[in-house]
Amino acid sequence: MSARARHRTLTAAGVVLLLALMEAIGRVGLFGSSWPPLTEVVSYVAEPVTGDLLGRALAATAGAAGTGFALGSAVAVVVAALGVLLPVVQPGLDRLAAVVNAIPLIALGPLLITTVGREGTPTVIAALAAGFAMFIAATSGLAAASTPHHDVFSALGASRRTRLLRLQLPAAVPLLLDGLTLAAPAAVLGAVIGEWFGAPRGLGILLVSSMQNFQIELLWAAALTSALVSLAAYLVLTGLRSLATGRFL
Amino acid sequence: MIKAEHIAGLPEAPLDTSGSPGPAGPPGQPAAIVLRAVQKEFALRRGRTVQALDGVDLTVRAGEFVALLGPSGCGKSTVLRMVAGLDEPTSGEVLVEDRPPAALVRDHRLGVAFQDHALLPWATTFANIALPFRVAGRAVDRERVGALIDLVGLNGFADARPRQLSGGMRQRVAIARALVLDPEVLLLDEPFGALDAVTRRRMNFELARIWAERRITTLLVTHDVDEAVLLADRVVVLTGRPGRVRHIEEVALPRPRGRDITRDPGFHETVDRLTELLDESAE
C-alpha cells in the first residue's frame, strides 16, 4: 500500500512539475510569444465565449472519435475472429490490415471526402486508426490461449466456433482491453486529423484556423483540450481493464 | 540385449494368457485401444529427425486400466497424444474401438487429463466441469456435474475459480471434467505429476476409488512406479528413446485397492522389480 501511495505522490509531483515548467517557459518567454504561460491559456478558456466555442468543438470531435472508436474496434474484432473461423483467409487479412495501416491517414483524405463527405471523414479516419490497433491486439489475443488448453479442446472434439467462443475469445480479453486503451487515443487523433479535411466544426478545425490566424491562446486551448480528451479516454479504459483482468488473467 | 527383451515382452503374449485368474482387467473383453508397429519421428531443424517411438505394439482391452511407465523422454506422452488424436504416427496404426482416434473425438467420447490441468482460469469449478457438455453442444446436465463435484470431493467449491484452488483440487476438477460425459476411453498424462508426494498418493487412492465405480478403459502415462502399480491392471514398461515396449506386467493385486495395499508384500515386490527395469531402461 505504501508503494502505491509513493507511486501516486511521484505521479502527482511529475504532473505539477510539468505544468510549472510550461508556465515558467511562458513567463520567461523562452520560445517567444508562441508559448504563452499556462495560466493565460486557462483564463482564456474560462471566458464564456471561448468556453462555448471549445465546448461545441469538443462535442463534435468526441462524437466522431467515439463513433469511430466503437465502429473500428468492433469491425477489427469481427475481422480477426473471421480469420480464426476461416484459416484460409488469415494471411490475407493480416496483409490487408498492414497495407491499410501503411497508407498515411492524411492520404486517404481526398478519397474519403468524395465517398463519405466532410462530415463523415473524421469518424472514418478515427475508425481506421482505432481499428488497426484493435486488429493487432485481437489477432495476438486470439492466439493467446495455451497449447494445453487447445489440446483439451481438440480432445473434446471442439468445433472452430466453440473453440473461438469458449476458449480463444475469453483468453483474448486482457489483450483486447490493452488494444482498447491504445485504440482510444488513436481514435481521438484520427478524428482531429479527419477534421482538417473541412469538417464543419471540431477541435481539428479550431487548431487549423487558430494557427492560420495566429490566435495563440486558442491554439493552445484546443491542443490542451484534445490532449485531455485523449487522456480521459485512456484513463477510463485503463480502469475498465484493471476491473476485468482480475477475472480473465 | 534390449532387442531380445523387447521381443520377449511383446504385448500379444499377455493377451494369450487371458485365462489367467485374478482381477487384472476383464480378460474376455474386446480390444479398446490398439497400437500396431507404431513409429513416431519428430522433425528437427535442417531436415534432421529424432525418433521418439520405434515399433510400439500395445493393446488395451475394454474396461482395462493400463499404465504406461517409462523414463522421461521415452515418448510415453506421445503414445497418449496419438490415442487422443493430437498427433499422428509416422508409420503404423492407432485404433480406438476399431476406428481412428479422430472418430471417437468427434463423438465426444474421449476424456483427457494432463499434467497441466488446463482449466479455464475465468470459469468456476462448475463451469469447467460442464465444459465438455458445451463443447459437445449438449444441454448441461446440472445433476451430473453436481454428482462429479461430489465424486471428486469438491463440495462447496462449485463457484471457486481455479486460482482459488490448491494444486490437488485443480487436478480433481480436471479429472471430473474428463469424466463428465461418461467417456468410452479415459487418457491420463501424468495427472498428478505436479503435486507433492503426499497429495499425489492421496490422489492415487481417490482415483482408484473413482475408477472402481465405473471401469472406464484407461491409459495412464506416468513415471511413478508406485502410482502405476497401485492403479493399473497391467503396467507397460517402455525403454528410453526411441521408446519400445520392454516389459508388460500383469498386476494381480486385489481390487478395491485401498491404503492397506501398500502393506501387501506383493505390491512392494512388483514395484521393486519394475523400478529395476525402469532403471535399466533409462540407460
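Remember, predicted model here, so these are calculated numbers, not experimental data.

Undergrad: Just to check I follow, could you spell out the interface of chain A and chain B for this structure?
TA: Where the parts come together, the accessible area they lose is often given as the size of the interface. Taken together, the contact between chain A and chain B spans 19 residues of the former and 20 residues of the latter. Regarding the contact of chain A and chain B, the summed buried area is about 1,900 Å², with carbon and sulfur atoms giving 66% of it. Taken together, chain A and chain B are joined by one salt bridge. Across the salt bridge formed by B:Arg81 and A:Asp151, the nearest N and O atoms sit 2.7 Å from each other. Our count for the contact surface shared by chain A and chain B stands at three residue pairs in polar contact (both at pLDDT 80 or more).

Undergrad: I keep staring at the domain arrangement of chain B and nothing clicks. Help me out?
TA: Residue and element names in this part refer to chain B. Domain boundaries in chain B define domain 1 (2-107 + 185-192 + 216-282) and domain 2 (110-182). Listed per partner, the contact involves 15 residues of domain 1 and 11 residues of domain 2. Each partner contributes to the roughly 1,100 Å² buried at the junction of domain 1 and domain 2, and carbon and sulfur atoms together form 69% of this total. For the domain 1 face of the interface with domain 2, the top three residues by lost area are Leu186, Leu187 and Pro191, together amounting to 31%.

Undergrad: What is the right way to look at the packing of aromatic side chains in this model?
TA: Geometry of an aromatic ring pair is reported as the spacing of the ring centres plus the angle between the planes. Residues and elements named next belong to chain A. For the coordinates displayed, the defined rule picks out three aromatic pairs over all chains. Ring geometry for Trp35 versus Trp220: centroids 5.3 Å apart, planes at 50 degrees, classification tilted. Here Trp220 lies in helix H10 (residues 216-248) and Trp35 lies in the loop between helix H1 (2-28) and helix H2 (38-46), a separation of 185 residues in the sequence. Aromatic rings pair up to connect Phe31, Trp35 and Trp220 into one cluster.

Undergrad: Just checking my understanding: could you explain a nonpolar patch on the surface for this structure?
TA: A grouping of A:Leu82, A:Leu86, A:Val88 and A:Val89 is seen on the molecular surface, where their side chains present a nonpolar patch of about 360 Å² in accessible area. Structurally, A:Leu82 can be placed in helix H3 (residues 48-85).

Undergrad: I would appreciate a short explanation of the environment of A:Leu176 in the present structure.
TA: All names here are of chain A. Looking at the element boundaries, Leu176 is found in helix H8 (residues 160-195). With 36 residues separating them in the primary sequence, Leu176 and Gln212 have C-alpha atoms 40 Å apart. Setting aside anything within four residues of it in sequence, one finds Leu176 in contact with Val77, Met134 and Ala138.

Undergrad: I'm lost on the pairing of strand S6 (residues 185-189) of chain B in this one. Help?
TA: Successive side chains on a regular strand alternate, one facing one side of the sheet and the next facing the other. All names here are of chain B. Within S6, five of the five residues are buried, which leaves the element mostly enclosed by the surrounding structure. Side chains Val185, Leu187 and Asp189 project from S6 onto one buried face, and the interleaved Leu186 and Leu188 project onto a second face that is buried too. Strand direction decides the pairing type here: S6 and strand S7 (residues 217-222), joined by five bridges, are parallel. Bridge pairing in S7 places Leu188 opposite Leu220. Taken together, S6, helix H8 (residues 197-213) and S7 constitute a β-α-β crossover, and its handedness is right-handed.

Undergrad: Got a minute to help me understand the sheet that holds strand S2 (residues 49-61) of chain B in this structure?
TA: By definition, the strands of a sheet pair up through backbone hydrogen bonds, in either a parallel or an antiparallel sense. Residues and elements named next belong to chain B. With respect to topology, three strands assemble into an open sheet ordered S2-S1-S4, the strand pairing being antiparallel. Every interior strand has two partners, whereas the edge strands, S2 and strand S4 (91-96), have only one. Geometrically, the sheet is characterised by an average inter-axis angle of 20 degrees between neighbouring strands, direction not taken into account. Pairing analysis gives nine bridges linking strand S1 (residues 31-43) to S2, with the strands arranged antiparallel. The partner of Phe42 across the bridge, within S2, is Val50. Running over the sheet, helix H3 (residues 76-83) touches S1, S2 and S4 and is turned about 120 degrees from S1.

Undergrad: What exactly am I supposed to notice about the side chain of B:Asn128 here?
TA: Residues and elements named next belong to chain B. Topologically, Asn128 is positioned in helix H5 (residues 125-135). Polar side-chain contacts of Asn128 include one of 2.8 Å to the backbone nitrogen of Leu120. Within the structure, Asn128 has its side chain in polar contact with the backbone oxygen of Ala123 (distance 3.1 Å). Asn128 has contacts with Leu119, Leu120, Ala123, Pro162, Val173 and Arg177, leaving out every residue within four places of it along the chain.

Cut-offs applied
- Residues numbered from 1 in each chain as written.
- Chains lettered and ligands numbered in written order.
- Predicted model: local features only at pLDDT ≥ 70, side-chain atom pairs only at ≥ 80, totals over all residues.
- Heavy atoms only, no water.
- Contact = heavy atoms within 4.5 Å.
- Buried area = accessible area lost by both parts, 1.4 Å probe.
- Salt bridge = Lys/Arg side-chain N within 4 Å of Asp/Glu carboxyl O.
- Polar contact = N/O pair within 3.5 Å; in protein donor to acceptor, adjacent residues only side chain to side chain.
- Domains from an automatic or database assignment.
- Phe/Tyr/Trp six-rings, centres within 6.5 Å; stacked < 30°, edge-to-face > 60°.
- Helix = DSSP H or I, 4+ residues; strand = E, 2+ residues; numbered from the N terminus.
- Patch = residues over 30% accessible without salt bridge, like charges linked within 9 Å, V, L, I, M, F, W, Y side chains within 5 Å.
- Areas by Shrake-Rupley, 256 points an atom, 1.4 Å probe, with all protein chains shown as cover.
- Buried < 20%, exposed > 50% of the residue type's maximum accessible area, 1.4 Å probe, protein only.
- Pairing = 2+ DSSP bridges.
- Right-handed = clockwise from strand over helix to strand, strands pointing away.
- Axes fitted to C-alpha atoms, helices over the stretch in contact; angles between N-to-C directions.

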